[in-house]
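# Coordinates in review
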Amino acid sequence: MTTFTDGPAPYHLSDDQRDIATMVRGFADARIAPHAADWDRDHHLPVDVLREAAELGLGAIYCREDHGGSGMGRLDAALIFEALATGCPTISAYISIHNMAAWMIDTYGSDDQRARWIPPMAAMETLGAYCLTEAGAGSDAASLQARAVRDGDEYVLDGVKQFISGAGTAGVYVVMARTGGAGPKGITAFLIEDGTPGLGFGKQEEKMGWKAQPTAQVILDGCRIPAANRLGEEGEGFRIAMSGLDGGRLNIGACSLGGAQSALEKAIGYVGEREQFGAAIGTLQTVQFAIADMATELEMVRTFLWRAASALDAGDADKTRLCAMAKRVATDVGLEVADRSLQLHGGYGYLSEYGVEKIVRDLRVHKILEGTNEVMRLIVSRDVLGRGA
């Protein structure tokens, strides 16, 4: 049941986009979904499967083609991450984070930085991580305390980054640190290669979901890097960090959509087979209405994501507001649909072998990361009220 490739849409998909969505869904069905429960149980990030995804062009989706990027747009990415997430939202989300790091290097990096990092990132031989959040700087990211001090042709970085996906596994870390005074204008972006002296990691966090994705602190203790590893100019780091979040919010919304789509498909299969009182429960009108509502709400989310992705691709003035709206709606609805699927499964939905409880656990964090849904409401309200004024 792959609704994003069937029927008319307000944003017409090209034949290439339909082919991409179908191809990635096939990859998710064959190489991700059958193993997702095992990876979740074993806390295993399947790097070999990530590299297979890279062979399909998913390692540098919206990076330029001159260094191996796929040169696709944000609508393409929404289709890709939805399809991947039907197999496993955790794996889809990690590929999204990797792509965010690659995009930042491709967009803001020097020619030398792009030539060095984009080819191995496109192949996922080198994995990327994005290091913004700190223990005391979550939603208020501009208050981060990690520092970078210039010392001749080098910078020395000290600080601790919190909740970093890929920590200990990634080959390059895009790190935001303070080179100037308080506030956003004092923040600069840096590239730190794995193995650099002074780069360390905390313990792997025990999480409710996203268990297949390593998450830990990134610890900078006198971490000395060449000045050539600065990404952009001093003071541009916060702008770089925020520019990546519009696309990141769309991607995490698409991951919620794909996870919820999988939960809906599991529910449709279950209610057609489960019999009570002498008939399949799918013949009950209450169950039919629940399925209809779930399908309708996911199509609403899909339409909104495509609208916001189109705005981001076009550089529309309202792109940040639309991306915040789409992220909030997609992650709220995605979790609600997954939870309703669990309810339709009854007690079986609570068992790991049916796969629905994992989707619920994985999607819960989507309302928190890439900016909490409360912060999304702040972004929207400030934009709307500002326009009104």
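Just above, that's the structure.
Scope of this entry: the structure provided in the associated data block. This is a predicted model, so every value here is computed, not measured.

What the chain contains, in helices and strands, is eleven helices and ten strands. Computed over C-alpha atoms, the radius of gyration of the chain comes to 21 Å, within 12% of the 21 Å expected from 2.2 N^0.38 for 389 residues, which places it in the range of a compact globule. Structurally, the chain occupies a C-alpha span of about 80 × 50 × 40 Å along its principal axes. Here the analysis covers contacts within the chain between residues at least 6 apart in sequence; of these, 74% occur between residues at least 24 apart. In the form shown here, the chain has an accessible surface area of approximately 15900 Å², with 52% of it arising from carbon and sulfur atoms. For the chain, the distance from the average site of its 37 positive side-chain charges to the average site of its 52 negative ones is 6 Å.

With that settled, consider the pairing of strand β2 (residues 147-151). Bridging between β2 and strand β3 (residues 154-165) involves five bridges; their strand directions are antiparallel. Residue pairing across strands places arginine 150 opposite tyrosine 155, the latter belonging to β3. Adjacent in sequence and paired antiparallel, β2 and β3 are bridged by two residues, among which glycine 152 carries a positive phi angle near 65 degrees.

With that settled, consider the environment of glutamate 233. One can find glutamate 233 in the loop between β8 (230-231) and α7 (237-273). You can call glutamate 233 partly exposed: its relative accessible area is 47%. For the pair glutamate 233 and alanine 93, spaced 140 residues apart in sequence, the C-alpha separation works out to 29 Å.

What follows covers the packing of aromatic side chains. Within the structure shown, the criterion is met by six aromatic pairs. Measuring from ring centre to ring centre gives 6.4 Å for tyrosine 270 and tyrosine 348, while their planes differ by 50 degrees; the resulting arrangement is tilted. With tyrosine 270 in helix α7 and tyrosine 348 in the loop between α9 (319-344) and α10 (356-364), this residue pair connects regions lying 78 residues apart in the sequence. Note on tyrosine 270: relative accessible area 11%, which makes it buried. Look at tyrosine 348 and tyrosine 354: their rings are 5.4 Å apart centre to centre, the planes differ by 50 degrees, and that puts the pair in the tilted class. Under the relative-accessibility criterion, tyrosine 354 is labelled partly exposed at 29%. Taken together, the ring pairs connect Tyr270, Tyr348 and Tyr354 into an aromatic cluster. Directly above the aromatic system of tyrosine 62 lies the positively charged group of arginine 74, at a separation of 3.7 Å from the ring centroid. A cation sits over an aromatic face here: arginine 74 above tryptophan 103, 5.2 Å from the ring centre.

On to the pattern of salt bridges. This model, assessed by the stated rule, comprises 28 salt bridges. Its salt-bridge partner being aspartate 40, residue arginine 361 comes within 2.9 Å of it at the nearest N-O pair. On the criterion of sequence distance, the pair formed by arginine 361 in helix α10 and aspartate 40 in helix α2 (residues 36-42) is long-range, its members being 321 residues apart. Residue aspartate 40 is classed as buried on the basis of its relative accessible area of 8%. Arginine 302 is paired through a salt bridge with glutamate 82; the nearest N and O atoms lie 2.7 Å apart. You can see arginine 302 sitting in helix α8 (residues 285-314) and its partner glutamate 82 sitting in helix α4 (residues 74-87), a full 220 residues away along the chain. One network of salt bridges, with partners in common, ties together Arg64, Asp66, Asp106 and Arg114.

Burial analysis of α10 places eight of its nine residues in the buried class, which makes it a mostly covered element. By the burial criterion, the buried members of α10 are Val356, Glu357, Lys358, Ile359, Val360, Arg361, Asp362 and Leu363. Each element contacted by the buried residues of α10 is listed here: α2, α5 (89-108), α7 and α9.

The phi angle at tryptophan 210 is positive, at roughly 55 degrees, despite the residue not being glycine. Structurally, tryptophan 210 is set in the loop between β6 (199-201) and β7 (215-226). A relative accessible area of 6% places tryptophan 210 in the buried class.

The next thing to look at is the pairing of β7. For a regular strand, the rule is simple: side chains alternate between the two faces of the sheet. Pairing geometry for β3 and β7, over nine bridges, is antiparallel. For serine 165, the partnering residue across the bridge sits in β7 and is threonine 215.

Calculation notes
- Every chain is numbered on its own, with residues counted from 1 as its sequence reads.
- Restriction of local features to residues with pLDDT of at least 70 applies here, the model being predicted, together with a cutoff of 80 or more for giving and counting side-chain atom pairs; totals for whole chains, interfaces and linings are based on all residues.
- Side-chain measures here rest on the full set of heavy atoms in the structure, leaving out hydrogens and waters.
- Numbering goes from the N terminus for both helices and strands, where a helix is a DSSP run of H or I of at least four residues and a strand is a run of E of at least two.
- Atoms counted for the radius of gyration: C-alpha only. Globule rule: 2.2 Å times residue count to the power 0.38.
- Contacts are assigned to residue pairs with any non-hydrogen atoms lying within 4.5 Å of each other.
- We get accessible surface area from the Shrake-Rupley algorithm with a probe of 1.4 Å; when it comes to residues, only the shown protein chains can shield them.
- When charges are counted, Lys and Arg are positive and Asp and Glu negative, with His and the chain ends excluded.
- The location of each charge is read from NZ of Lys, CZ of Arg, CG of Asp or CD of Glu.
- A strand pair is defined by DSSP finding two or more bridges across the two strands.
- Three labels apply to residues, based on accessible area from a 1.4 Å probe with only protein chains included: buried if under 20% of the type maximum, exposed if over 50%, partly exposed otherwise in between.
- Pairing of aromatic rings covers Phe, Tyr and the six-membered ring of Trp, with a centre-to-centre limit of 6.5 Å; geometry is then stacked below 30 degrees between planes, edge-to-face above 60, and tilted otherwise.
- Lysine NZ or arginine CZ positioned within 6 Å of the ring centre and within 35 degrees of the ring normal marks a charge as sitting over the ring.
- Salt bridge, as used here: a side-chain nitrogen of Lys or Arg that lies within 4 Å of a carboxyl oxygen of Asp or Glu.

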